[in-house]
Amino acid sequence: MGESLPLGRAQRLRRAVFDLKTIVLMRRDRAALAAMRTVERAPLETVSHLSGERSAAMALHAFRSTAYYRRRYLDAGFTEADVARPENFASLPMLTKQDIHEAGDDLISRDRPSRDRLPSKTGGSTGRPLLVYNDRSAPTAALWWRIYGWWGIHPGDDSALIYRQKYAGMSRLIHIAQWWPTRQVLLDARGTTEADIDRFLRELTRVRPSLLAGYVEGVNAFARHVQATAPQVPSMKAVSVTASMIHAGQRELIEAVLGAAVYDTYRSAEVPWIAAECAERNGLHVLADHRKLEVVDAAGVPVPDGETGDVLLTDLSNRAFPLVRYAIGDRTRWIAGGCDCRRGLPRIAPIDGRVADALRTPSGRLLSGGLGSLFVDHPGTIAQFQIHQAADFSVVVRYVPVGDPAASTEAGRDAARKVSGFLGHEVPVTAQAVAEIENVGGKARMVVSELAN
Ligand SMILES: [Zn+2]
């Protein structure tokens, strides 16, 4: 994991300890990273061919080892031999979120042990969590090591994170011990207050991490706070953002205030680490050796380079729960030609259609993320929901009720209580049953805010 800048002794130690740990415990990821670096040096056409071969192999694996794909492909007129041919891949049926809900365990590969399945739940504006499984044996760590390397960051370097925090209490202590001596400074993206940000800033100054990573809205709010209060912020090498579209103005603000380059990444709960910007920052390189990404029209047919369409994803390293031509609900377009970094990985434009899900309070509290699971405790009570914030900061959780009306009403009230709590009970939050949710461009936004950004 090469590095050209002079390094402090402590950072060298952290990198050495990290490398040692991975040599002992993560041999497979280290081998995968070496293979990825070889692939990157190949021309685009070679990588495209490799991606096509691996896609067909994954479709064949899905056909042979799951009840769902066998039935689906046979019904669509594809024999096993047809599925095995790379030239047929783009004609195979798409997999929608609805399909995943209905298929249930029929999507689980029968020839993989259950210990390989890591459950991963997504939220979403339908209020119905989507359960998929990541593959524990996939080289997922190597994917982020690879991307961090593009930015000159070693995975053992200290980092600061602005996300929904998963670790609390004992599990937080275990997490810290596992990462030692690498340090992580954390800011929870749910219901951040000015005091939380000040604490985060003090930690940042003490630890001086190389990287800040987080949701765009969270990182943006942090940069705005720093701009407004003008404290000294230690210089960082890179800022990595994810989970929503970054606007040009946000990128400029973050870079000016934090003094580090901002890199856009494309990740999801269903398919971890899909694409990321390199140091050129001219489009996101798709990790085409491990993810097949297609940009298609409404009929599932690939569109020409430069034309915007729907993203279909095939995870080439998830053999436990195959996702083949999965319609994830994002839109983008291909960027033609090679990148100046000469990596043989194709590029897409920043993801279009993800909208930052942010609510604010008069005191500056920001809720960015964490809204997708609002109705998770009340399955089957709503068809869809959307949160509206008016110019006076008041919030209405609008939902389309289904099933037992009393249960839907209770689910709505509960969602409003949760949002109110996230916002520190600073603003009125109510629930309202509606007949339908407004859709823009075929995709319903989870948050509609009348507050100026
Ligand atoms: Zn590049």
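Described below are features of the structure shown in this document. (Residues numbered from 1 in each chain as written. Predicted model: local features only at pLDDT ≥ 70, side-chain atom pairs only at ≥ 80, totals over all residues. Heavy atoms only, no water.)

**Quick notes on the overall build of the protein**
Looking only at helices and strands, the protein features 12 helices and 20 strands. A compact globule built from 453 residues should have a C-alpha radius of gyration of about 22 Å, and the protein, at 22 Å, falls within 12% of that. C-alpha extents for the protein along the principal axes are approximately 65 × 60 × 45 Å. Counting across all 453 residues of the protein, residues that qualify as buried make up 52%. Counting only contacts in the protein whose residues sit at least 6 apart along the sequence, the fraction spanning at least 24 positions is 68%. Carbon and sulfur atoms make up 52% of the accessible area of the protein, which amounts to about 20,200 Å² in all. (Helix = DSSP H or I, 4+ residues; strand = E, 2+ residues; numbered from the N terminus. Rg over C-alpha atoms; globule rule 2.2 N^0.38 Å. Buried < 20%, exposed > 50% of the residue type's maximum accessible area, 1.4 Å probe, protein only. Contact = heavy atoms within 4.5 Å. Areas by Shrake-Rupley, 256 points an atom, 1.4 Å probe, with all protein chains shown as cover.)

**What to know about the packing of helix H9 (residues 194-207) against helix H10 (residues 216-229)**
As a packed pair, H9 and H10 sit with axes 11 Å apart at the nearest point and diverge in direction by 85 degrees. The angle between the axes of H9 and H10 places the two elements in the roughly perpendicular class. Note on element contacts: H10 touches H9 through Phe-222, His-225 and Val-226, opposite Glu-194, Ile-197, Asp-198, Phe-200, Leu-201 and Leu-204. (Axes fitted to C-alpha atoms, helices over the stretch in contact; angles between N-to-C directions. Parallel < 35°, antiparallel > 145°, perpendicular 65-115°, else oblique.)

**Side note on helix H3 (residues 44-65)**
Residues separated by three or four positions in an α-helix point in the same direction, a consequence of the helix having 3.6 residues per turn. Here H3 contains 22 residues, and its C-alpha end-to-end distance of 31 Å stays within 8% of the 32 Å for a straight helix at 1.5 Å per residue. Taken together, the buried positions of H3 are occupied by Val-47, Ser-51, Gly-52, Ser-55, Ala-56, Met-58, Ala-59, Leu-60, His-61, Ala-62, Phe-63 and Ser-65. Close packing links the buried residues of H3 with helix H2 (27-40), helix H4 (67-75), helix H5 (80-84), strand E10 (291-296) and strand E11 (309-315). (Expected span 1.5 Å × (residues − 1).)

**Considerations on empty space enclosed by the protein**
Inspection of every chain in the model, using the stated rule, returns 2 cavities of 30 Å³ or more. In this structure, the second largest cavity occupies an estimated 50 Å³ of space. What lines the second largest cavity is Asn-134, Asp-135, Ala-138, Thr-140, Pro-272, Arg-291, Asp-315, Ser-317 and Asn-318. (1 Å grid on protein atoms, 1.4 Å probe; cavity = no way out; pocket = protein on both sides within 12 Å on 5 of 7 lines; lining within 4 Å. Points joined across faces, edges and corners; volume = space filled by probe spheres on them.)

**Concerning helix H1 (residues 9-25)**
With 17 residues, H1 should reach 24 Å at 1.5 Å per residue; the first-to-last C-alpha distance of 24 Å fits that figure. Residues of H1 that are buried: Gln-11, Arg-14, Arg-15, Val-17, Phe-18 and Thr-22. For H1, the arc enclosing every buried residue in end-on projection is 165 degrees, short of the 170-degree limit, so these residues lie on one face. Structural note: H1 exposes Arg-9, Leu-20 and Val-24 on the side pointing more than 90 degrees away from its buried face. (Arc of directions from axis to C-beta.)

**Observations concerning the side chain of Asp-158**
Note that Asp-158 resides in the loop between helix H7 (140-150) and strand E3 (159-163). Asp-158 sits in the buried class, given a relative accessible area of 3%. Engagement of the side chain of Asp-158 in a polar contact is seen with the side chain of Arg-14, the distance being 3.1 Å. Non-local contacts of Asp-158, meaning those with residues more than four positions away in its chain, are made with Arg-14, Pro-181, Thr-182, Arg-183, Val-207, Pro-209, Ser-210 and Leu-211. (Polar contact = N/O pair within 3.5 Å; in protein donor to acceptor, adjacent residues only side chain to side chain.)

**Some thoughts on the coordination of the zinc ion**
Put simply, a metal with four donors set out as a tetrahedron has ideal angles of 109.5 degrees, and one with six donors set out as an octahedron has ideal angles of 90 or 180 degrees. Around the zinc ion, the protein contributes the donor atoms Cys-278 (SG), His-285 (NE2), Cys-339 (SG) and Cys-341 (SG), at 2.1 to 2.2 Å from the metal centre. Around the zinc ion, the 4 donor atoms sit at angles spanning 102 to 118 degrees, and that spread fits a shape best called tetrahedral. For the zinc ion, the single-chain donor residues occur in sequence as C-x6-H-x53-C-x1-C. On the criterion of sequence distance, the pair formed by Cys-278 in the loop between strand E8 (275-277) and strand E9 (284-286) and Cys-341 in the loop between strand E13 (334-335) and strand E14 (347-348) is long-range, its members being 63 residues apart. You can call Cys-278 buried: its relative accessible area is 1%. (Donors = N, O, S within 2.8 Å, 3.2 Å for Na, K, Ca; no water. Tetrahedral: all angles 85-135°; square planar, octahedral: opposite > 155°, others 65-115°.)

**As for the pairing of strand E2 (residues 130-135)**
The element E2 is largely enclosed, with a buried count of 5 among its 6 residues. In terms of strand pairing, strand E1 (residues 117-122) meets E2 through 6 bridges, oriented antiparallel. From the neighbouring strand, Lys-121 faces E2, where its bridge partner is Leu-131. (Pairing = 2+ DSSP bridges.)

**Describing the sheet that holds strand E20 (residues 447-449)**
Here we have 4 strands laid out as an open sheet, ordered E19-E18-E17-E20, and mixed in their pairing. Each of the sheet's edge strands pairs with one partner strand only, and the pair in question is strand E19 (429-433) and E20. Each strand of the sheet is rotated relative to its neighbour by a mean of 20 degrees, with strand direction disregarded. Across 7 bridges, the pairing between strand E17 (residues 382-389) and strand E18 (residues 395-401) is antiparallel. Counted as the bridge partner of His-388 is Val-396 from E18. Against the sheet, helix H12 (residues 405-422) engages E17, E18 and E19, with an angle of about 155 degrees to E18.

**Remarks on the sheet that holds E11**
Ordered in space as E10-E11-E12, the 3 strands form an open sheet in which the pairing is antiparallel. Lying at the two open borders of the sheet, with one neighbouring strand each, are E10 and strand E12 (326-332). For this sheet the average axis-to-axis angle between neighbouring strands, irrespective of direction, equals 35 degrees. Sheet analysis places E10 next to E11, joined by 6 bridges and oriented antiparallel. Bridge pairing links Glu-294 to Leu-312 in E11.

**Quick word on the layout of surface pockets**
What the second largest pocket holds in volume is close to 560 Å³. What lines the second largest pocket is a set of 26 residues, among which Ser-48, Lys-292, Leu-293, Trp-334 and Pro-346 lie closest to the centre. Of all the secondary-structure elements, those providing two or more residues to the lining of the second largest pocket are H3, E10 and E13. Residue contributions to the lining of the second largest pocket peak at 7 residues, all from H3. Considered class by class, the residues forming the lining of the second largest pocket number 14 nonpolar, 5 polar and 7 charged. (Nonpolar A, V, L, I, M, F, W, Y, C, P; charged D, E, K, R; others polar.)

**Things to note about the environment of Gly-338**
Along the polypeptide, Gly-338 turns up in the loop between E13 and E14. For Gly-338, a relative accessible area of 54% puts it in the exposed group. Excluding anything up to four places from it in sequence, Gly-338 contacts Leu-44 and Arg-347.

**Some thoughts on the nonpolar core**
Residues Tyr-73, Tyr-266, Leu-293 and Ile-348 are the most contacted members of the largest nonpolar core, which totals 39 residues. Of all the secondary-structure elements, those providing two or more residues to this core are H3, H4, helix H6 (97-103), E2, E9, E10, E11 and E12. Considering every element that reaches this core, the biggest residue donor is H3, with 4 residues. Residues within four places of Tyr-73 in sequence aside, it is in contact with Ala-59, Phe-63, Phe-78, Val-83, Leu-92, Pro-93 and Val-324. (Core = buried A, V, L, I, M, F, W, Y, C linked by side-chain atoms within 4.5 Å.)

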